Amino acid sequence: CDPGKPPENEPNCGLPTDTVDGGCNSTPPVFTPITCGDTFCGTGAFDGATRDTDWYKLVLGVPTSVTWTVTAHFEAVVGILETGGVDACPVSSFRVVTVLPRGTTGSVSDFLPAGTWYLFVAPDFTALLTCGAEYTAALICGPPIVCGNGIVEPTEECDPPNGTTCD
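Now for a quick tour of the structure. (Residues numbered from 1 in each chain as written. Predicted model: local features only at pLDDT ≥ 70, side-chain atom pairs only at ≥ 80, totals over all residues. Heavy atoms only, no water.)

### Regarding the state of the cysteines
Put simply, the rule reads: The disulfide definition used here is simple: a pair of cysteine sulfur atoms within 2.5 Å. Labels follow the DSSP assignment, with helices taken as runs of H or I lasting at least four residues and strands as runs of E lasting at least two, numbered in each case from the N terminus. Between buried and exposed lies partly exposed: a residue is buried under 20% and exposed over 50% of the maximum accessible area for its type, with that area taken using a 1.4 Å probe on protein chains only.
This structure, assessed with the given rule, holds three disulfides. Two residues, Cys13 and Cys131, share a disulfide whose sulfurs are 2.0 Å apart. Linking Cys13 and Cys131, the disulfide has an S-S dihedral of approximately 85° and is accordingly described as right-handed. A residue pair is termed long-range when its members are at least 10 positions apart, and Cys13 in the segment before strand E1 (32–34) and Cys131 in strand E9 (residues 129–141) qualify at 118 residues. Using a relative accessible area of 0% as the deciding quantity, one classes Cys13 as buried.

### Remarks on unusual backbone geometry
Here the amide bond leading from Thr27 into Pro28 is cis, since omega sits at -5°, within 30 degrees of zero. Looking at the secondary structure, you find Pro28 in the segment before E1. Its identity as a non-glycine residue notwithstanding, Asn12 has a phi of 55°, on the positive side. Positive phi values are uncommon outside glycine, yet Cys13 reaches one of about 55°.

### With respect to the sheet that holds strand E2 (residues 39–46)
Backbone-to-backbone hydrogen bonds join strands into a sheet, with any given pair of strands oriented parallel or antiparallel. Selection rule: At least two DSSP bridges between two strands are needed for those strands to be called paired. An axis is simply a line fitted to the C-alpha atoms; with a helix, the fit covers only the stretch in contact. Between two such axes, the angle follows the N-to-C directions and lies from 0 to 180 degrees.
Taken together, four strands build an open sheet; the order of strands is E2-E9-E4-E7 and the sheet is antiparallel. In this open sheet, the two strands that pair with only one neighbour each are E2 and strand E7 (104–112). The sheet shows a mean angle of 25° between the axes of neighbouring strands, taken without regard to direction. Here strand E4 (residues 64–72) pairs with E7 via nine bridges, running antiparallel. Bridging across to E7, Ala72 finds its partner in Thr104.

### Details of the pattern of salt bridges
Cut-off, in case you're wondering: For salt bridges, the criterion is a side-chain nitrogen of Lys or Arg within 4 Å of an Asp or Glu carboxyl oxygen.
Taken as a whole, this structure holds two salt bridges when the rule is applied. Arg95 is the salt-bridge partner of Glu82, the closest N and O atoms lying 3.6 Å from each other. Of this pair, Glu82 sits in strand E5 (residues 76–85) while Arg95 sits in strand E6 (residues 94–100), and the two are 13 residues apart along the sequence. On the basis of relative accessible area, Glu82 is assigned to the partly exposed category, the value being 23%. The exposure class of Arg95 is partly exposed, given its relative accessible area of 29%. Salt-bridge contacts for Asp110 lead to Arg95; the nearest nitrogen and oxygen are separated by 2.5 Å. In this pair, Asp110 is assigned in strand E7 and Arg95 in strand E6, connecting sequence segments 15 residues apart. When salt bridges that share partners are traced, they join Glu82, Arg95 and Asp110 into one network.

### A look at the pairing of strand E3 (residues 54–60)
Most of E3 sits inside the fold, with five of its seven residues counted as buried. In this structure, E1 lies alongside E3, joined through three bridges in parallel fashion. By the bridge assignment, Ile34 is partnered in E3 with Leu58. Where E3 and strand E8 (residues 115–123) come together, seven bridges link them in antiparallel fashion. Bridge pairing links Lys57 to Tyr118 in E8.

### Remarks on the side chain of Asp54
Here is the rule we go by: His is not counted here, nor are the chain ends, while Lys and Arg score as positive and Asp and Glu score as negative. Any pair of nitrogen or oxygen atoms within 3.5 Å is treated as a polar contact; in protein, a donor-acceptor pairing is required on top of that, and neighbouring residues in sequence qualify only through side-chain atoms on both sides.
Residue placement: Asp54 occurs in strand E3. Of the side chains bearing the opposite charge, Arg51 lies closest to the buried Asp54, which forms no salt bridge; the N-O distance is 9.8 Å. A distance of 2.7 Å separates a polar atom in the side chain of Asp54 from a polar atom in the side chain of Tyr135.

Read these as layout, nothing more, since geometry by itself doesn't imply function.
Spelled out as structure tokens, the structure:
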């Protein structure tokens, strides 16, 4: 991992049991807390039956635009999971998701309401992956947009001067 990026510190890439950040796939569920501006370095593995899934827990106090960017040395599933805004498992589905080809960088972005969200990184099921293949993941957040009517909206619906408020 690059200096300055906190490592995931997950023994044996979470296989067969993840006690660090296996999210809703662990019993009990475990998450790595993340805030806007954080970058982590992690590892992935897939042994043909079980894959390492890494879940980061984001708590937003106000609606916020977020971008979850991952660079992975393996084919990676990257997404933001629906929680209904509460800290709960099981999670029903991805809100946004993409699959990155090996050795590439990609992002998922969305305007998220206030509440709890899970950010996800895991190897795809396409190829066996021994423990140690690395990824970096960064969370970038934009300012909430508050329109003149006091309603917070995504930037596509409210084009404010200076990116923060509109008349």
